[in-house]
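A look at the structure
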Amino acid sequence: MSLKPSRRAALVCAIALSFLGTMPLATAQGTAAKWPQQAVRFVVPFPAGSAPDVLIRHVGAKLGEKWGQGVIVDNKPGGSGVIGMNAILAAPADGYTFGFVQGSAISVAPSTIKGVTYDFNRDYVPVTLAAVAPFMLAVPANSPYKTLADFIAAARAKPQGIEVADNGRGTAPHLASALLGLQSGAQFLEVHYPGGAQAMQATLGGQTQMMVETYNVVAGNVQGGRMRVLASMGDRVEAGLEQFPLASKTVPGAVAHGWFAVIAKKGVDPQVLAKLNKDMNEALLLPDVVAKSRELGTYPRPGTPEQLARYIADDRKTWQDVLDKLNIKPE
């Protein structure tokens, strides 16, 4: 039976609309399947040669082989990561610029540095947590404190507190030290230095009794017998750090990491982000990448964007609570 003209026109229109309705998804899937078609840039808020810079270059080489495209590492150091975060925001959301950034630029800088205008939830999207670097509590080899419990007991007994070195007021090592003090009820006399090298010299020289830093900073002196690690502030024992007890076993809640994540400017094609997440996570778990990461004192922790979003939310809350208790304001 033939259709009447009006019914035939209606059917044709319905089929056309149905086809058009599938086009955005097909287009998005097609975009992801062809991506990348040019070099991919990772903005890194660290100087060349730093641990995160070396790690993303190593990972980037693996991604470049897989994609058949170049991977560019664009170093934008300075401003506690703010310069790099702004560079990501200034780039088009075309799926060819991403960030390999430190957690403090997301969780701490907006609350401690005046003039920060970005907001992570408004301006960026999470791709994957790449790696963590637990903070270590290190003392000189000749220190009278053999365990973290010894150190905490001595700090509690000393009204003016025990000197602890970090690499600057409001930095991640400072906040990790402050968290330890708040969780333990011990009084620390925080001594701020311009960088890890100066904090190291002060601790080795006896001007401070302990320093807080990631393992890659203290490893040389620990392996050389000049320093000892009382505890790791990691949330678990990482491979290669089994000899260091967890601080949380002595002081519940004393958990603090430096961490690095892949992020994107909001607006990048979700299918492209899903492909980047998959490829990045696979690269991070390649044996030679894991080995290089451990050499650098970082430990791969890939996952989903949703896991990273929860990690960021928890991290921001932890450090905002510490900042509030220390009465640290943007300056």
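Residues numbered from 1 in each chain as written. Predicted model: local features only at pLDDT ≥ 70, side-chain atom pairs only at ≥ 80, totals over all residues. Heavy atoms only, no water.

A few words on the environment of Ala309. Structurally, Ala309 can be placed in helix α13 (residues 305-326). In this structure, the C-alpha to C-alpha distance between Ala309 and Glu65, residues 244 residues apart in sequence, is 29 Å. (Helix = DSSP H or I, 4+ residues; strand = E, 2+ residues; numbered from the N terminus.)

A few words now on the packing of helix α2 (residues 51-67) against helix α12 (residues 287-295). Where α2 meets α12, the axes come as close as 10 Å, and the angle between the chain directions of the two elements is 175°. On the basis of their axis angle, the class for α2 and α12 is roughly antiparallel. Here α2 contributes Val54, Leu55, His58, Val59 and Lys62 to the contact with α12, which in turn contributes Asp288, Val289, Lys292 and Ser293. Tallied by class, the residues present in the contact of α2 with α12 amount to four nonpolar, two polar and three charged. (Axes fitted to C-alpha atoms, helices over the stretch in contact; angles between N-to-C directions. Parallel < 35°, antiparallel > 145°, perpendicular 65-115°, else oblique. Contact = heavy atoms within 4.5 Å. Nonpolar A, V, L, I, M, F, W, Y, C, P; charged D, E, K, R; others polar.)

It is worth spelling out the pattern of salt bridges at this point. Applying the stated criterion to the full structure yields 14 salt bridges. Of the charged contacts in the structure, one is a salt bridge between Asp123 and Arg122, with a shortest N-O distance of 2.8 Å. A relative accessible area of 12% places Asp123 in the buried class. When salt bridges that share partners are traced, they join Asp235, Arg236, Glu238 and Arg301 into one network. (Salt bridge = Lys/Arg side-chain N within 4 Å of Asp/Glu carboxyl O. Buried < 20%, exposed > 50% of the residue type's maximum accessible area, 1.4 Å probe, protein only.)

This next bit is on the packing of aromatic side chains. Here a ring pair, both rings aromatic, is described through the centre-centre distance and the interplanar angle of the planes. Summed over the entire model, instances satisfying the criterion amount to twelve aromatic pairs. Between the aromatic rings of Trp35 and Tyr96, the centroid separation amounts to 6.4 Å while the plane-to-plane angle is 45°, which identifies the pairing as tilted. Within this pair, whereas Trp35 is found in the loop between α1 (5-34) and β1 (40-44), its partner Tyr96 is found in the loop between α3 (82-90) and β3 (97-102), the two being separated by 61 residues in sequence. The exposure class assigned to Tyr96 is buried, which follows from its relative accessible area of 12%. An angle of 20° between the planes, with centres 6.3 Å apart, marks the rings of Phe100 and Phe260 as stacked. With Phe100 in strand β3 and Phe260 in strand β9 (residues 257-265), this residue pair connects regions lying 160 residues apart in the sequence. A single burial state applies to Phe100 and to Phe260, both of which are buried. Three or more aromatic residues joined by ring pairs make a cluster, and in this case those are Trp35, Phe42, Trp67, Tyr96 and Phe98. (Phe/Tyr/Trp six-rings, centres within 6.5 Å; stacked < 30°, edge-to-face > 60°.)

Where β1 lies against strand β2 (residues 71-75), five bridges are found, and the strand directions are parallel. When the sheet's bridge partners are listed, Arg41 is paired in β2 with Ile72. A crossover connection joins β1 to the parallel β2 through α2; in handedness this β-α-β unit is right-handed. (Pairing = 2+ DSSP bridges. Right-handed = clockwise from strand over helix to strand, strands pointing away.)

One can describe the packing of α2 onto helix α11 (residues 270-284) by two numbers: an axis separation of 10 Å at closest approach and a directional angle of 120°. Comparing the axis directions of α2 and α11 gives the class oblique. Between α2 and α11 the crossing geometry is right-handed. Of the residues in α11, those touching α2 at Ile56, Val59, Lys62, Leu63, Lys66 and Trp67 are Lys275, Leu276, Asp279, Met280, Glu282, Ala283 and Leu284. Among the residues making up the contact of α2 with α11, the classes are represented as eight nonpolar, no polar and five charged. (Left-handed = near helix turned anticlockwise from the far one by under 90°.)

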